[in-house]
Amino acid sequence: MATEARRIFHLSDIHFGLEDNRALDWVQQEIAEKRPDAVAITGDLTMRARHREFAAATSWINSLDAPVTVEVGNHDMPYFNPIERFVDPYRRFRGMREKVEKEIDLGCLAIVPLKTAVRAQPRLNWSKGWVTDAALEKCLAAIDALPDGERALVTVHHPLREVGTQGTALTKNGDKALRELAKRPVVAVLSGHVHDAFDIMEETSEGPVRMIGAGTLSQRTRSTPPSFNDIQWDGETLHVTVRNLQDVETCDMQIDDVPANAMPPREPGEPVAPVRQVPRVDPPVH
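Cut-offs applied
- Residues numbered from 1 in each chain as written.
- Predicted model: local features only at pLDDT ≥ 70, side-chain atom pairs only at ≥ 80, totals over all residues.
- Heavy atoms only, no water.
- Helix = DSSP H or I, 4+ residues; strand = E, 2+ residues; numbered from the N terminus.
- Buried < 20%, exposed > 50% of the residue type's maximum accessible area, 1.4 Å probe, protein only.
- Contact = heavy atoms within 4.5 Å.
- Phe/Tyr/Trp six-rings, centres within 6.5 Å; stacked < 30°, edge-to-face > 60°.
- Salt bridge = Lys/Arg side-chain N within 4 Å of Asp/Glu carboxyl O.
- Pairing = 2+ DSSP bridges.
- Axes fitted to C-alpha atoms, helices over the stretch in contact; angles between N-to-C directions.
- Core = buried A, V, L, I, M, F, W, Y, C linked by side-chain atoms within 4.5 Å.
- Expected span 1.5 Å × (residues − 1).
- Arc of directions from axis to C-beta.
- Polar contact = N/O pair within 3.5 Å; in protein donor to acceptor, adjacent residues only side chain to side chain.

(A) Highlighting the overall build of the chain. From N to C terminus, the chain includes 6 helices and 13 strands. Across the 286 residues of the chain, 58% fall into the buried class. Expressed as a percentage of contacts within the chain between residues at least 6 apart in sequence, the contacts between residues at least 24 apart total 71%.

(B) Up close: the packing of aromatic side chains. Within this structure, the stated rule accounts for 5 aromatic pairs. Arranged with centres 4.9 Å apart and planes meeting at 50 degrees, the rings of F9 and F228 form a pair that is tilted. Of this pair, F9 sits in strand β1 (residues 6–11) while F228 is found in strand β12 (residues 227–233), placing the two residues 219 residues apart along the sequence. By relative accessible area, which is 0% here, F9 ends up buried. On the accessibility criterion, F228 (0% relative accessible area) is buried. Taken together, the ring pairs in this structure connect F9, W26 and F228 into an aromatic cluster.

(C) Main features of the pattern of salt bridges. Summed over the entire model, instances satisfying the criterion amount to 13 salt bridges. Between R243 and E30 there is a salt bridge, with its nearest N and O atoms 2.7 Å apart. Residue R243 is located in strand β13 (residues 238–244), and its partner E30 is located in helix α1 (residues 21–34); the two are separated by 213 residues in the primary sequence. Across the pair D199 and R210 runs a salt bridge whose closest N-O atoms are separated by 2.7 Å. Of this pair, D199 sits in strand β10 (residues 198–204) while R210 sits in strand β11 (residues 207–213), and the two are 11 residues apart along the sequence. Looking at R210, the relative accessible area reads 18%, which means it is buried. If you follow the salt bridges from partner to partner, you end up with R7, E30, K34, D230 and R243 in one network.

(D) Representation of the sheet that holds β13. Strand order in this open sheet of 5 strands is β3-β2-β1-β12-β13, and the pairing throughout is mixed. Whereas interior strands pair on both sides, the edge strands pair on one side only; in this sheet they are β3 (68–70) and β13. Strand-to-strand, the axes of this sheet are offset by a mean angle of 20 degrees, without reference to chain direction. Pairing analysis gives 3 bridges linking strand β2 (residues 38–41) to β3, with the strands arranged parallel. Bridged to A40 within β3 is T69.

(E) Spotlight on the nonpolar core. Judged by nonpolar contacts, the single largest core of 30 residues is most densely connected at L11, V39, I41, W60 and F93. Within the residue set of this core, elements represented by two or more residues are β1, α1, β2, α2 (51–62) and β3. The biggest single contributor to this core is α1, with 5 residues. If we skip the residues at most four places from it in the chain, L11 touches V27, V39, A40, I41, T42, W60, A214, L217 and F228. Counting residues in each nonpolar core, the second largest holds 29 residues, with V131, I143, L181 and F198 among its members.

(F) A look at the sheet that holds strand β5 (residues 109–113). In spatial order, the strands read β4-β5-β7-β9-β11-β10; together these 6 strands make up an open sheet with mixed pairing. Every other strand in the sheet has two partners, leaving β4 (104–105) and β10 as the edge strands with one partner each. Alignment of β4 against β5, held across 2 bridges, turns out to be antiparallel. From the neighbouring strand, I104 faces β5, where its bridge partner is I111. Sitting on the sheet, helix α4 (residues 133–144) is in contact with β5, β7 (151–155) and β9 (186–191), with an inclination near 165 degrees to β5. Packed on one face of the sheet, helix α5 (residues 174–182) meets β7, β9, β10 and β11 and runs near 115 degrees to β11.

(G) Broad picture of the pairing of β11. Within β11, 6 of the 7 residues are buried, leaving the element largely enclosed by the surrounding structure. In terms of strand pairing, β9 meets β11 through 3 bridges, oriented parallel. Bridging from a neighbouring strand, L190 pairs with I212 of β11. Pairing of β10 with β11 involves 7 bridges; the strand directions are antiparallel. When the sheet's bridge partners are listed, M201 is paired in β11 with R210. In textbook terms, the turn of a hairpin is the stretch between consecutive antiparallel strands, and for β10 and β11 this stretch comprises 2 residues.

(H) The arrangement of α1 in detail. When the terminal C-alpha atoms of α1 are compared, their 20 Å separation across 14 residues agrees well with the 20 Å that a helix rising 1.5 Å per residue should span. Looking only at α1, the buried set comprises A23, L24, W26, V27, E30 and I31. The arc that holds the buried residues of α1, viewed along the axis, is 160 degrees, so those residues lie on one side. In α1, the exposed residues that point more than 90 degrees away from the buried face are R22 and E33. Its side-chain oxygen at 3.2 Å from the backbone nitrogen of R22, D20 defines the N-terminal cap of α1. Just downstream of α1 lies R35, where phi reads positive at about 50 degrees.

Here it is in structure tokens:
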């Protein structure tokens, strides 16, 4: 299986505008030295989708010496220009447009995007995820078109886990998406959004789906220091190591479950929880 070995760096929630420059310099150097087969960035490239934040994100992402695919996060939708948000929400990605929601074929393994960030939705909290029928159909069609024997890694911004209540559901139609993915050769679903790493099996009526979350590379840490996932595929098994600058062991970097109403801190300096102790309620907006 040596010829099927692949290495993928999974980054998320860089939040240019409140980025951690030491962490970014380290990751950039790791990519240059380790030369992963691909880099998957699962959304929230910016803090408030400002032009200067996108300029910084574009410059950094385009400097990475590896194939890159980028998911759109809820923080990447225009905040202060509602017309642009509804008419041309991806306009500010133009400097890296070819990387946005890009499928990467690695031969034995393919990275397939599934969009969860939408420009609007019929509930007050637009920061939560929503899998539209069109987005799911596009993702499933890409997976179904893979050659026989090729496996898929699906990239999203929001974790797909549902919690069974309308008010706190992380991602609308997330349970439906998980059931459909369970029917297909999906190795795992890679996500971000909650700013802490996790690696869990989510049970569905169609079988289990592995969900892998990456931490943040910003100053907006919640329960663990800035980190990224170093994912290695040996042709049969996916191995995940959470990498961080503080040399915390992977098991201590990962939370046990996705919080029922998962939200990262909103402002620098807001209180964070000890490792593996995620607050039940996010600190309020000041």
